[in-house]
Amino acid sequence: MKRMLSGIKPTGQLHLGNYIGALRHFVEYQDEYEMYAFIANLHCITVPQDPEELHKNLRDCVALYLACGLDPSKATIFLQTDVRAHAQLGYICCCHTYMGELNRMTQFKDKQSKGEKNLSGGLYTYPALMAADILLYDADYVPVGEDQKQHVELTRDIAERMNNRYGDLFVVPEPLIAKVGARIMSLSDPTKKMSKSDETNKGCIYLLDPLKTARKKVMSAVTDSYAKVHFDPETQPGISNLMQILSSLSDNRPLGDIEAEFEGKGYGDFKRAVADAVCTKLEEIQTRYNEIIESGLVEKTLQEGAAKASILADAKLAKVQKAIGMEIIR
Ligand code: ATP
Ligand code: LTN
């Protein structure tokens, strides 16, 4: 069975972009692959966090993994810091990553170009930690949204570099990026990615948003004046984004089908259909989330997940340290 690994960094509440771009694929793939899904809490602290809020977001994230359908009897679900080898291999990978490579990472460049002050060293080096997250488990595939492709490509380069230098240490992973829904855009500015750091809060639908709020966000989504439900992200980014959301939430319904259904109809009808699909999915997720959050399942899942993940991760770290020549007593 091929192995798959992915993580989410809950620097805030999970949103529809995280669900459509990443989480739903973890669920789809858990039967077919050996799935490792973790919560990237070391990545969270690359930007300042309020400890209480972070703690709540981490628990919510695990509960949402489960509520969205990840099954701990199939997938290994764990918190990154519960497997210490991540930080250790992260440092080793960092020492095998060139500054020139880190300088090219668009996520860091974007933040820097916005003039944000006091960016942390962790934010700069985090792609090397992400490489370690993946390489520790010999993952064949990494399902992610479009924005993470560059990081998985860097992971491949680091793996190949270390394999060439020390002998075969790592499986070289491949990113898995869906054709539809890999980049869900903000509802209030469809030229920007739907993101937790949405300042207005209008463009981002959180998985735990009250249904009324979510419906309102969809109904007031920015569209255009073409009055045609047609897929063309260049000229109709808002409508195309809503089409991708609808398609992703209705069993990947072909975009052509959606165009045909709304031919000659107004944007109001179309938005209502999108809002219905969003609210149906959120209601399903929230009902399960409410059952899970205080049930003890979060803690049990993490305990079992960490034990299982550590077996692979510790063995890989030991192999790497030995190959590099860093070990004496083991
Ligand atoms: P954000 O920009 O919201 O802070 P992020 O992309 O930096 O999020 P995560 O929340 O860790 O960080 O992302 C988890 C997964 O969700 C990744 O695979 C990422 O590619 C995917 N993802 C995040 N935002 C979107 C989006 N708008 N559309 C599709 N996929 C997304
Ligand atoms: N960097 C990712 C989260 C992440 C990840 C990973 C995804 C950390 N480690 C390993 C896939 C595989 C992000 O910011 N979205």
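Preceding block: the structure.
Reading the values: rules and limits
Residue positions are given per chain, counting from 1 as you read along its sequence in written order. Whichever chain is written first becomes A and whichever ligand is written first becomes 1, with later ones labelled in order. At least 70 in pLDDT is required for a residue's local features to be given in this predicted model, at least 80 for side-chain atom pairs to be given and counted, and no such filter applies to totals for whole chains, interfaces and linings, which use all residues. With hydrogens and water set aside, each side-chain value is computed from the structure's full complement of heavy atoms. Pairs were defined over the aromatic rings of Phe, Tyr and Trp, the Trp ring being its six-membered one, requiring ring centres within 6.5 Å. Orientation was assigned from the angle between planes: stacked under 30 degrees, edge-to-face over 60, tilted for the rest. Numbering of helices and strands runs from the N terminus, with a helix taken as a DSSP run of H or I at least four residues long and a strand as a DSSP run of E at least two residues long. When accessible area is computed with a 1.4 Å probe and restricted to protein chains, residues below 20% of their type maximum are described as buried, those above 50% as exposed, and intermediate ones as partly exposed. Here, over-ring charges are defined by two tests on the NZ atom of lysine or the CZ atom of arginine: distance to the ring centre within 6 Å, and angle to the ring normal within 35 degrees. Multiply 1.5 Å by the residue count of a helix minus one, and that product is the helix's expected span. Fitting axes to the seven residues ending at a residue and to the seven starting there, one defines the bend at that residue as the angle between these axes.

(A) Structural detail: the packing of aromatic side chains. Here the structure, examined in full by the defined rule, presents eight aromatic pairs. Consider the rings of Phe38 and Phe78, whose centres lie 5.6 Å apart with planes at 20°: the pair is stacked. Here the residue Phe38 occupies a position in strand β2 (residues 34-39), and Phe78 occupies one in strand β3 (residues 76-79), the gap between them amounting to 40 residues. Residue Phe78 is classed as buried on the basis of its relative accessible area of 0%. Taking the centre distance of 5.7 Å and the plane angle of 45° together, the rings of Phe78 and Tyr137 count as tilted. One end of the pair, Phe78, is in strand β3; the other, Tyr137, is in the loop between α7 (121-135) and β4 (141-143), with 59 residues separating them in the sequence. In terms of burial, Phe78 and Tyr137 fall into one category: buried. Ring pairs connect the aromatic residues Tyr36, Phe38, Phe78 and Tyr137, which therefore count as one cluster. If you follow Lys265 out to its NZ or CZ, it ends over the ring of Phe262, 5.6 Å from the centre.

(B) Main features of α7. When the terminal C-alpha atoms of α7 are compared, their 22 Å separation across 15 residues agrees well with the 21 Å that a helix rising 1.5 Å per residue should span. The largest bend along α7 reaches roughly 45° and is located at Pro127. Most of α7 sits out of view: 12 of its 15 residues are buried. Residues of α7 that are buried include every one of Leu123, Tyr124, Tyr126, Pro127, Ala128, Leu129, Met130, Ala131, Ala132, Asp133, Ile134 and Leu135, and no others.

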